[in-house]
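# Report on the structure
Each chain is listed here by its residues.
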Amino acid sequence: MIKEKYNKKTVFSCEVFPPKRNDDIYDIFKTLDEIKLLNPDFISVTYGAGGSNSKKTATIAAYIQNICEVEALAHMTAVGLDEASLTELLEELKKKQVNNVLALRGDKPRAMTDEEFDNRYYKHASDLIKVINEKSDMFIAAACYPEIHPESKSKEDDLKYLKLKADLGVDCFITQMFFDNDILYRFLEDMRNAGINVPVHAGIMPITNVNLLGTSVSISVSSVPKKLSNLIAKYSEDPEGMKKAGTEYAINQVTDLIKHGVEGIHIYSMNKSDVTTEIYKAAF
Ligand code: FAD
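Described below are features of the structure shown in this document.

Conventions adopted
- Residues numbered from 1 in each chain as written.
- Predicted model: local features only at pLDDT ≥ 70, side-chain atom pairs only at ≥ 80, totals over all residues.
- Heavy atoms only, no water.
- Near = heavy atom within 4 Å.
- Polar contact = N/O pair within 3.5 Å; in protein donor to acceptor, adjacent residues only side chain to side chain.
- Helix = DSSP H or I, 4+ residues; strand = E, 2+ residues; numbered from the N terminus.
- Nonpolar A, V, L, I, M, F, W, Y, C, P; charged D, E, K, R; others polar.
- Buried < 20%, exposed > 50% of the residue type's maximum accessible area, 1.4 Å probe, protein only.
- Pairing = 2+ DSSP bridges.
- Axes fitted to C-alpha atoms, helices over the stretch in contact; angles between N-to-C directions.
- Contact = heavy atoms within 4.5 Å.

### Notes on the site of the ligand
- Looking at the ligand, there are 25 residues lining it, with Y47, D107, Y145, S152 and K165 nearest.
- Within the side chain of D107, a nitrogen or oxygen atom sits 2.5 Å from an oxygen atom of the ligand.
- Taking H124, its side chain carries an N or O atom lying 2.9 Å from an oxygen atom of the ligand.
- Going through the elements one at a time, β3 (72–77), β4 (100–104), α5 (125–135) and α6 (155–167) are the ones with two or more residues in the shell around the ligand.
- Among the elements that make up the shell around the ligand, the one with the highest residue count is α6 (four residues).
- When the residues that make up the shell around the ligand are grouped by side-chain class, the tally is eleven nonpolar, nine polar and five charged.

Here you go:
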């Protein structure tokens, strides 16, 4: 049970994603066998936009739960789900002994029209959280954004809906990636002042190659401090140097976060067990 993990100092979790090609599934199993050696408190598995790879998410979550014997947290998005498909998904996870979900809204998949997206059955993560709580005894995690969600009108608005998610039964929050710890510390204070007292996992993305800035970071719209952009400029032609510098940057972030008493660290592993292991061994 993930709930029971919060009686220790810092809860350690990480994220993996399903491979694009079916025949690469064994690569992720190998990665998980390696991450398992760190004894993480849970491992989360992403869900393709609009549920495009939900079967793989469930298969990988089952491997984490039953073969690695680590708590698995299966992501799911409101986009692409209705009452019947949500019930089916929850039943499938239960059958696979997966008792933890990360309930998200999701973004518009490329193949979906604006109209289809606007007419989705569940509008927000909060709608999903309410139903999951009514239908099951799942541990429920949700997303939060230290630099506010890009669609939010204001910080106050974002906090209002975060509070709604907490009040509807969220057991823990996982943050969007951030690269400046002071942003997180201010956000945690805002959350507590808004009466949100659910454990928060700080989401750390190690920038181990310069392309990540063009993909994951720009999607997340997280701000990049000068110290990190200088490293990226310095190692733009040196992949090994970037990997080392990006790992060190993440280690420094995690070390400082633990010193400041954050409840959880969540590493966006990008399916790289070596980097995850290095960060864990240096910072915990
Ligand atoms: P919501 O909580 O619904 O919030 C979205 C926006 O609506 C915010 O501006 C919020 O303030 C506002 N809002 C919230 N509730 C209400 C309400 N009741 N009424 C009106 N406004 C409201 N995407 C994937 O497709 N697959 C994944 O596996 C995945 N994993 C993720 C993991 C983490 C840790 C994070 C941080 C994000 C992940 N995402 C994933 C991306 C996520 O789906 C997007 O960021 C999406 O834009 C918002 O999802 P949400 O659950 O935060 O949405």
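Moving on, there is more to tell.
### Comments concerning unusual backbone geometry
- Although it is not a glycine, M270 sits at a positive phi angle of roughly 50°.
- Mapped onto the fold, M270 is located in the loop between β8 (264–268) and α11 (273–283).
- Although it is not a glycine, N271 adopts a positive phi angle of roughly 60°.
- N271 sits in the buried class, given a relative accessible area of 18%.

### Re the sheet that holds β3
- In spatial order, the strands read β1-β2-β3-β4-β5-β6-β7-β8; together these eight strands close into a barrel with parallel pairing. Pairwise comparison of adjacent strand axes, ignoring direction, gives a mean angle of 25° for this sheet.
- With three bridges connecting them, strand β2 (residues 42–45) and β3 associate as parallel partners. Bridging across to β3, V45 finds its partner in A74.
- Contacting β3 and β4, helix α3 (residues 83–95) crosses the sheet at an angle of about 170° to β3.

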